[in-house]
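Coordinate analysis (summary)
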Amino acid sequence: MKQELCKYELLKSILLEVIEENSPDVKEIFISLFNSLRDESVDSIKIKELFQEISESKHLMGIIKACSLHNIILNIYEEQEQAKIASVSRSIATAYKILEEEGFDRLDCDRVLESIRFYPVFTAHPTESRRRTFLEAHQEITRELEKLEQFSYMPNDCIPYKEREVQQSKDSIKYRLHLLWNSHLVRSEKLEVIFELDNLLFIIENSILPSALRVLNQVSNRLNKPLKISPIKLGNWIGGDRDGNPFITNEIMTRVMKMQHELIINTYIREIDKLIRELSISVDFFTPTKELQKSLQKERLYLNQTTLKLYEREPFRAKLSLIKLKLQNHLLKVNSINEVDFTYNSPKELLEDIDMLILSLDSISAKRLNSFRNLVLLGGFHLMQLDFREHRDMYLSAVSEVLCLLGYTDSDFLHRHESKKIEILNKALSEPTINLNGILWDVSPQTRETINAFLRVLWAKKAISKDILKSFIVSMTTTASDLLAVLYLAYCSGLWQKGKVKNLDNGEILTKEGKSSIFITPLFETIDDLENAELILETLTRNEHYRQYLKDSGNSQQIMIGYSDSSKDGGIFTSNYSLYKAISNLVKLEQRLGIKFMLFHGKGGSVSRGGGQLENALLAFPRGSIGTTLKTTEQGEIISSRYLNPRIAIRSFALTLASLLKKSVHDNFCFDDFNKTTQKNQQYFCKNDPYLMRFEELSRISYKAYRELVYETSDFMEYFKSATPIDFIQNLNIGSRPSKRKDTQRVEDLRAIPWVFAWTQNRSIIPAWYGLGSALSGLGDKKLLQDCYQESIFFKTTIDTISQGFIKVDMEIAEIYNDFVQDFDLKTSVWNKIENEYKTTLEWLLITRNENNLLESKKATRDTILARMPNIKALSLLQIELIKKYKNAQYDDLRKRLIEQIHGTIIGIAQGIRNTG
């Protein structure tokens, strides 16, 4: 513990050195502020006076920056703590040990491990408030801190070397902090889509790829055989998520696909260069297989004379040079109008070449080749599978115009009854396909853009990789015709090649095999949408064309479940329970229809948007809902917190695979009569939750309380705009997407991210807990709630996650924000509701968890969160003072300067809270 404390103290001392060298006065004020906020005996009036004094001083931005940089070093320190348990083999081995103790056979565990798939889909939501400069600095400081930890284990006879290296690491940390001190916390320009991708690709290249590869190698070692498919598949929304983002065009999407392709191919080329240098093995010592000799003979003409002579007796170098040339040609192929000779058509062909080399080597010599093989399984030729997401209205608008042009309907298609829409689409789907290229200039620019998107995806699948994009996601899916409209565009573009079936008296006979190269994916977001999901899917499976599409897709249907809007719609507990219930119902529907559902979980980083520990959430999913595949979004600052530090990335991947292994084994082999030694796990995993009816009641009460505040309080949006810094957040250059879907003043049209971000900044964080207190107190049975908490993994996970968000609430700050509301009756009414619900929620969380202080049973988690609070409080108080000054500012130059300072506090608070949106 002493050594770990030194890490934080070391970083803090270096930061203070940097502050002193740049501004001695700021250091003095910062230390005074730091100590005052940690001293409970200091009078609150004195603290308020101190902040007013700071807000008037020339050192204001320096204090904001000092607090923000302090949050960064706290984050780095915490990550170092987490990284202690970042052992891949230990995580998976522990899962095996637990499963074997419960009575599961190792061979069954191996079979499940071989089949599990984790698809993290990285999205560019504007909750990652840091610039790439700060991300790079974070990573470098982390590396130097790890070096310092390694030096501490050196023997005493290495003292001179040790002291020199320690000083170099300290100097490197100081250098980075010094540069950050003299950099703006906030971007001066609006973040563009390509910059968002650049931020992600930095993390992918420097951390995610090497970390995921290490996990793959460990999985392969545990199974003691080569992997057939990677258990980790990377996904991406940057460049494909168009819903409400006018800045994502077909040109941007194409550029993103090319950039991903270039990065992964160049990564392979660098690995091959290393292998060429290493595998100098001569035919005098190793005999290549006949297959390798034949391959070299066939392809030797593509080697230049110098290489041919040099590698004549070194076949492995020769073959690797040929592999490199094929990959270089693949880069050329993407942009060439002419046929490019001697290249790969698919990653499968590259894997065949690698396997050819491995078969000619012993296990030691083939070690790096085996790792390279796993890298190719991981990255393919596409690096990350792009998803295409668009609002249902955009698909329907395009299809309506095309159908009208072709004479299937009049321009009133969008206003037709659902049954009539389906009838028209059925007729169009029964006819031969049309040439979409032939009608591009007969439709409006908006429709042309939509049609071109399908055509561009078709091109990319041929030129780059068939896996470059799979999912076409339909946001706000409300009817079956929404998906049939997408099916029609897929049919006409060639992304779905329809199979043909003859109906005979004795059954169906397939006359032509079909193939769909995409997943048409409904996104159910609101609580009503979740409840209607079953009806929509049943309607589609009865439709002859959609049923054929399902057959051509391997009888599988991808479904995306949205966590954000359901929470904004009905509150945190109702959202969680509605999702649990909807997923349970989908499992039953899946069994009834005989179709395999793959659920895609659209989670955010904050508690209210499905955040929290992924591993716990995974185990709490309804039985049978995961199968062996987990696809989930990784959004905003969650990407950097889980994956920026390679050691943390390894831990995240390993824990997720281990949890997915446990969940899949229980779901596949665990039955009600299964006799296991661990009764708690039997209750958690092998039986239906006995408390579901109680949760229904809790959900109903929670929903009513939340809706009364957010939707039924007159002028609540006016309160929201006044009592949070939403106006300043909307002007912050931290994301390419607009904060609203539509330019209205309705809660429904505000995106979930700025909604949560704003409540987090005012520190009431109501999306993370409001309504829960009313529900728990409404049920009123203390013993029953404690039993639920102990025996229901869904309820325990939900309560634990909410508790971790709730402890970050600062009602003192929220009350000061409340004073910004001008309407006295409005602010009094709303504040009384929030304050009363807060007190009730705290009381009943303590009862339910059987604690005297919230999270006392998770002391490490509690201490970590509370250690940040004084720093965050300082930034919140400064933000409030600056907003007061902004409201009273008389001229534009002052307002501009104040906005920059307010944005600095927003970034600092976001870095401290970490899961902000």
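Conventions we followed
Residues numbered from 1 in each chain as written. Predicted model: local features only at pLDDT ≥ 70, side-chain atom pairs only at ≥ 80, totals over all residues. Heavy atoms only, no water. Helix = DSSP H or I, 4+ residues; strand = E, 2+ residues; numbered from the N terminus. Rg over C-alpha atoms; globule rule 2.2 N^0.38 Å. Contact = heavy atoms within 4.5 Å. Areas by Shrake-Rupley, 256 points an atom, 1.4 Å probe, with all protein chains shown as cover. Salt bridge = Lys/Arg side-chain N within 4 Å of Asp/Glu carboxyl O. Buried < 20%, exposed > 50% of the residue type's maximum accessible area, 1.4 Å probe, protein only. Axes fitted to C-alpha atoms, helices over the stretch in contact; angles between N-to-C directions. Left-handed = near helix turned anticlockwise from the far one by under 90°. Nonpolar A, V, L, I, M, F, W, Y, C, P; charged D, E, K, R; others polar. Polar contact = N/O pair within 3.5 Å; in protein donor to acceptor, adjacent residues only side chain to side chain. Pairing = 2+ DSSP bridges. Disulfide = S-S within 2.5 Å. Phe/Tyr/Trp six-rings, centres within 6.5 Å; stacked < 30°, edge-to-face > 60°. Lys NZ or Arg CZ within 6 Å of the ring centre and 35° of its normal. Patch = residues over 30% accessible without salt bridge, like charges linked within 9 Å, V, L, I, M, F, W, Y side chains within 5 Å. Lys, Arg positive; Asp, Glu negative; His and termini not counted. Charge placed at Lys NZ, Arg CZ, Asp CG, Glu CD. Parallel < 35°, antiparallel > 145°, perpendicular 65-115°, else oblique. Core = buried A, V, L, I, M, F, W, Y, C linked by side-chain atoms within 4.5 Å.

So, the overall build of the protein
- Along the backbone of the protein there are 39 helices and 12 strands.
- Relative to the globule expectation of 29 Å for 917 residues, the C-alpha radius of gyration of the protein, 29 Å, shows essentially globular dimensions.
- Sequence separation of at least 24 residues holds for 80% of the intrachain contacts in the protein that already meet a minimum separation of 6.
- For the protein, the accessible area works out to roughly 38,200 Å², and carbon and sulfur atoms hold 48% of it.

A look at the pattern of salt bridges
- Counted by the stated rule, this structure contains 52 salt bridges.
- Residue Glu146 pairs with Arg647 through a salt bridge whose shortest N-O separation is 3.6 Å. Taken together, the positions of Glu146 in helix α7 (residues 132-151) and Arg647 in helix α27 (residues 646-669) put the pair 501 residues apart, joining distant regions of the chain.
- A residue is classified by how much of its surface remains accessible, and Glu146, at 15% relative accessible area, is buried.
- For Arg647, a relative accessible area of 25% corresponds to the partly exposed category.
- Between Glu299 and Lys319 there is a salt bridge, with the nearest N and O atoms lying 2.9 Å from each other. Of the two residues, Glu299 sits in helix α11 (residues 290-299) while Lys319 sits in helix α13 (residues 315-335), which places them 20 residues apart along the sequence. As far as the burial class goes, Glu299 and Lys319 line up, both buried.
- Look at the salt bridges and you will find they share partners, linking Lys7, Glu146, Glu149 and Arg647 into a network.

A look at the packing of helix α24 (residues 572-593) against helix α35 (residues 793-806)
- Orientation of α24 relative to α35, taken along the N-to-C sense of each, is 150°, at an axis distance of 11 Å. Taken as a pair, α24 and α35 cross one another with a handedness that is right-handed. Packed against α24, whose contacting residues are Ile572, Phe573, Asn576, Tyr577 and Tyr580, the element α35 presents Phe794, Phe795, Thr798 and Ile802 at the interface.
- In terms of residue class, the contact of α24 with α35 is built from 7 nonpolar, 2 polar and no charged.

Looking at the environment of Ala768
- Among the secondary structure elements, Ala768 is positioned in the loop between α32 (752-761) and α33 (772-779).
- With a relative accessible area of 4%, Ala768 lands in the buried category.
- Through-space distance from the C-alpha of Ala768 to that of Leu234 is 29 Å; in sequence the pair is 534 residues apart.

Observations concerning the side chain of Ser764
- Checked against the element boundaries, Ser764 lands in the loop between α32 and α33.
- We classify Ser764 as buried; its relative accessible area is 1%.
- Within the structure, the side chain of Ser764 is placed 2.8 Å from the side chain of Asn762, a separation counted as a polar contact.
- Filtering out sequence-adjacent residues up to four positions away, Ser764 remains in contact with Trp759, Trp769, Val809 and Ala814.

What about the sheet that holds strand β10 (residues 556-562)?
- Judged by pairing direction, the barrel is parallel, and its 8 strands sit side by side in the order β1-β2-β3-β4-β9-β10-β11-β12 before closing back on the first.
- Sheet analysis places β10 next to strand β11 (residues 596-602), joined by 7 bridges and oriented parallel. Residue pairing across strands places Gly562 opposite Gly602, the latter belonging to β11.
- The sheet contacts of helix α19 (residues 445-463) involve β3 (385-391) and β4 (469-475), and relative to β4 the element is tilted by about 160°.

A few points about the state of the cysteines
- All chains considered together, the criterion is met by 0 disulfides.
- In this structure Cys404 is a free cysteine whose sulfur lies 15 Å from that of Cys492, the closest cysteine sulfur available.
- Looking at Cys404, the relative accessible area reads 30%, which means it is partly exposed.

Structural notes on the packing of aromatic side chains
- Within this structure, the stated rule accounts for 33 aromatic pairs.
- Ring centres of Tyr491 and Trp496 lie 5.7 Å apart, and the angle between their planes is 55°; this geometry places the pair in the tilted category. An identical accessibility class is assigned to Tyr491 and Trp496; each is buried.
- Here the aromatic rings of Phe573 and Phe795 are separated by 6.3 Å at their centres, their planes lie at 75°, and the arrangement is edge-to-face. Here Phe573 is found in helix α24, whereas its partner Phe795 is found in helix α35, with 222 residues between them in sequence. Each member of the pair, Phe573 as well as Phe795, is classed as buried.
- In this structure, Lys498 is placed above the aromatic ring of Tyr491, and the distance from its NZ or CZ to the ring centre is 4.8 Å.

A look at unusual backbone geometry
- Positive phi values are uncommon outside glycine, yet Phe342 reaches one of about 55°.
- Within the secondary structure layout, Phe342 lies in the loop between α13 and α14 (347-359).
- For Phe342, a relative accessible area of 10% translates into the label buried.
- Although it is not a glycine, Leu855 sits at a positive phi angle of roughly 65°.

Some points on the environment of Asn182
- Mapping Asn182 onto the fold places it in the loop between α8 (159-181) and α9 (193-223).
- For Asn182, a relative accessible area of 51% puts it in the exposed group.
- A C-alpha to C-alpha distance of 9.9 Å links Asn182 and Gly62, two positions 120 residues apart in sequence.
- Ignoring anything within four residues of it in the chain, the contact list for Asn182 reads Asn22 and Lys65.

Some remarks on a negative patch on the surface
- Taken together, the side chains of Asp715, Glu718, Asp823 and Asp825 present a region of like negative charge at the surface.
- On the secondary structure map, Asp825 appears in helix α37 (residues 824-849).

Focus: the packing of helix α2 (residues 24-38) against helix α38 (residues 859-888)
- As a packed pair, α2 and α38 sit with axes 9 Å apart at the nearest point and diverge in direction by 120°. If you check the angle between α2 and α38, you find them oblique. α2 and α38 meet at a crossing whose hand is right-handed. Each of Phe30, Leu33, Phe34, Leu37 and Arg38 in α2 lies in contact with α38, whose residues at this interface are Ala867, Pro870, Asn871, Lys873 and Ala874.
- Residues that form the contact of α2 with α38 fall into these classes: 7 nonpolar, 1 polar and 2 charged.

Observations concerning the nonpolar core
- By size, the foremost hydrophobic cluster in this structure holds 160 residues, and its most contacted members are Tyr268, Leu327, Phe472 and Tyr488.
- With 16 residues, α9 is the single largest residue contributor to this core.
- Setting aside anything within four residues of it in sequence, one finds Leu327 in contact with Ile265, Tyr268, Ile269, Ile272, Tyr344, Leu350 and Phe381.
- Met717, Ile729, Phe806 and Ala889 belong to the second-largest nonpolar core, a separate cluster that totals 123 residues.

Here's the deal with the pairing of β10
- Across the 7 residues of β10, 7 count as buried, placing the element largely inside the fold.
- Going residue by residue along β10, you find Ser556, Gln558, Met560 and Gly562 tucked away on one face and Gln557, Ile559 and Ile561 tucked away on the opposite face as well.
- As paired strands, strand β9 (residues 519-524) and β10 are joined by 2 bridges and run parallel to one another. For Phe524, the partnering residue across the bridge sits in β10 and is Ile561.

Notes on the pairing of β3
- Of all 7 residues in β3, 7 are buried; the element is thus mostly enclosed.
- Here β3 shows a buried face lined by Gln385, Asp387, Arg389 and His391 and a second buried face lined by Leu386, Phe388 and Glu390.
- Inspection of the sheet shows strand β2 (residues 235-236) paired to β3 by 2 bridges, in the parallel sense. Bridge pairing links Asn236 to Leu386 in β3.
- Note that β3 and β4 share 5 bridges and pair parallel. Pairing of Arg389 across the sheet is with Ile473, part of β4.

Quick word on the side chain of Glu299
- Residue classification places Glu299 among the buried residues on the basis of a relative accessible area of 10%.
- A distance of 3.0 Å separates a polar atom in the side chain of Glu299 from a polar atom in the side chain of Lys326.
- Filtering out sequence-adjacent residues up to four positions away, Glu299 remains in contact with Lys319, Leu322, Lys326 and Phe342.

So, the environment of Gln790
- Among the secondary structure elements, Gln790 is positioned in helix α34 (residues 782-791).
- Remark: the alpha-carbon pair of Gln790 and Leu530, spanning 260 residues in sequence, is separated by 28 Å.

Read these as geometric descriptors, not functional statements.
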